[in-house]
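Descriptive analysis of the structure
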Amino acid sequence: MQAYIDQTAQFVRKQLAQAEAGHDWWHILRVWNQVKLLLQHEQADRLVCELAALLHDIADSKFHDGDETIGPRIAGEFLNSIGVDACVVNHVEDIIKNMSYKASLGQVSFHSKELEIVQDADRLDAIGAIGIARAFHYGGFKNRELYNPSVLPTSNQDKEAYKNSTAPTINHFYEKLLLLKAKMNTATAKRVAEERHQFMEQYLAQFYREWGAATP
């Protein structure tokens, strides 16, 4: 089992060597480590969880013209190539297909404890200090405004609206990041999320004080 995890880690690190910094090897490593911490308190298949954590952003659709099939396909092809059992491969593919925030805005037909754990780990990396850094890095990568008081956040976005948004980065806090605390699956992740959520609220309060604008 450990050999499969080690081989996968090597593959992912090489594949993501030039990735956008919010979705690079360091993001994968943080999510992987968070999964291992969650597994100390949650009962689930460790191999499935660790492989899914390592491969969940192997080909993120937003960097591949919106193609949501390429990530699970690459993950499955790699795992098959190193001899991972078919049921494990299928489970990992299902997790990758269904774990993203945008996937949760559409119809989700798959569920497992392993999905809950990997999803929680990924969502924890989207909030708090690192989540803030990642949000603004991606906004800069897409040349988006930091903030525009005339562009208000959109409530209750559907999947297509979320995917196609070009709103300022501050809007992303209200359209996703501040919503994640309530969407954590496991008790352990809920506890971790509370502190990170509070930090984001403090950051936003400071941001608006410095901007000289009212909170939306």
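Preceding this paragraph is the structure being described.
Residues numbered from 1 in each chain as written. Predicted model: local features only at pLDDT ≥ 70, side-chain atom pairs only at ≥ 80, totals over all residues. Heavy atoms only, no water.

Focus on the overall build of the protein
Where we set the bar: Starting at the N terminus, helices and strands are each numbered in turn, a helix being any DSSP run of H or I of at least four residues and a strand any DSSP run of E of at least two. This radius of gyration counts C-alpha atoms alone. The globule rule is 2.2 Å times how many residues there are, raised to the power 0.38. Working definition: with a 1.4 Å probe on protein chains only, accessible area under 20% of the residue-type maximum means buried, over 50% means exposed, and in between means partly exposed. Any pair of residues with heavy atoms lying within 4.5 Å of one another is described as a contacting pair. For every accessible area listed, the method is Shrake-Rupley and the probe measures 1.4 Å; residues are considered covered only by the protein chains on display. Positive charges come from Lys and Arg, negative ones from Asp and Glu, while His and the chain ends are left out of the count. Throughout, a charge is located at the NZ atom of Lys, the CZ atom of Arg, the CG atom of Asp or the CD atom of Glu.
Across its full length, the protein holds eleven helices and zero strands. Taken over the C-alpha trace, the protein has a radius of gyration of 17 Å; the compact-globule value for 216 residues is 17 Å, and the two agree within 12%. Buried residues in the protein amount to 49% of all 216 residues. Long-range contacts, defined as pairs at least 24 residues apart, comprise 67% of the intrachain contacts of the protein with a sequence gap of at least 6. Working note: accessible area of the protein is about 10800 Å², and carbon and sulfur atoms make up 49% of it. Charge-centre separation for the protein: the mean point of 23 positive side chains lies 2 Å from the mean point of 28 negative side chains.

Brief notes about the packing of aromatic side chains
The following threshold applies: Under the pairing criterion, centres of Phe, Tyr and Trp rings, with the six-membered ring standing for Trp, must be within 6.5 Å; the plane angle then separates stacked pairs below 30 degrees from edge-to-face pairs above 60, leaving the rest tilted.
Within this structure, the stated rule accounts for twelve aromatic pairs. Seen from their ring centres, Phe 136 and Phe 173 are 6.1 Å apart, and the 50° between their planes marks the pair as tilted. Of this pair, Phe 136 sits in helix H8 (residues 128–141) while Phe 173 sits in helix H10 (residues 169–175), placing them 37 residues apart in sequence. Residue Phe 173 is classed as buried on the basis of its relative accessible area of 0%. Here the aromatic residues Phe 136, Tyr 147, Phe 173, Tyr 203, Phe 207, Tyr 208 and Trp 211 are joined through ring pairs into a cluster of three or more.

Details of the pattern of salt bridges
Rules: One speaks of a salt bridge when a side-chain nitrogen belonging to Lys or Arg is within 4 Å of a carboxyl oxygen belonging to Asp or Glu.
Tallied over the entire structure, the rule returns seven salt bridges. Between Arg 73 and Glu 77 there is a salt bridge, and its shortest N-O distance comes to 3.5 Å. Placement of the pair is Arg 73 and Glu 77 together in helix H4 (residues 70–81), with a separation of four residues, close to one helical turn. Judged by its relative accessible area of 47%, Glu 77 falls in the partly exposed class. For Lys 113, the salt bridge is made with Glu 116, and the minimal N-O distance between the two is 3.5 Å. On the criterion of helical spacing, the pair formed by Lys 113 and Glu 116 is a turn pair, its members being three residues apart in helix H7 (residues 113–124). Owing to a relative accessible area of 29%, Lys 113 belongs among the partly exposed residues under this scheme. Within the structure, one salt-bridge network assembled from shared partners comprises Arg 30, Asp 125 and Arg 134.

Observations concerning the environment of Gly 106
Inspection of the secondary structure puts Gly 106 in the loop between helix H6 (101–104) and H7. Exposure remark for Gly 106: the relative accessible area of 31% places this residue in the partly exposed category. Here the alpha-carbon distance between Gly 106 and Glu 160, two residues 54 residues apart in the chain, equals 8.8 Å.

Brief notes about the nonpolar core
Operational definition: Among buried residues, those of type Ala, Val, Leu, Ile, Met, Phe, Trp, Tyr and Cys that are joined through side-chain atoms within 4.5 Å constitute a nonpolar core.
Residues Val 12, Leu 55, Leu 79, Val 92 and Phe 173 are the most contacted members of the largest nonpolar core, which totals 59 residues. Here Val 92 is in contact with Val 48, Leu 51, Ala 52, Leu 55 and Leu 79, once residues within four sequence places are set aside.

Looking at the packing of helix H5 (residues 86–98) against H7
Each pair of packed helices can be summarised by the angle the axes make with each other and by the distance between the axes. Rules: Helix axes use the C-alpha atoms of the stretch in contact, all axes being lines fitted to C-alpha atoms, and the angles between their N-to-C directions lie in the range 0 to 180 degrees. Working rule for angles: under 35 degrees goes down as roughly parallel, over 145 as roughly antiparallel, 65 to 115 as roughly perpendicular, anything else as oblique. Crossings are assigned a handedness: left-handed for a near helix turned anticlockwise from the far helix by less than a right angle, right-handed for a clockwise turn. For this classification, the nonpolar set comprises Ala, Val, Leu, Ile, Met, Phe, Trp, Tyr, Cys and Pro, the charged set comprises Asp, Glu, Lys and Arg, and every other residue, Gly included, is treated as polar.
Interhelical geometry of H5 versus H7 gives an angle of 50° and a closest axis separation of 10 Å. Between H5 and H7, the angle is such that the two are oblique. At the point where H5 passes H7, the crossing takes the right-handed sense. Between H5 and H7, the residues in contact are His 91, Ile 95 and Asn 98 and Glu 114, Leu 115, Val 118 and Gln 119, respectively. Its residues placed into classes, the contact of H5 with H7 shows three nonpolar, three polar and one charged.

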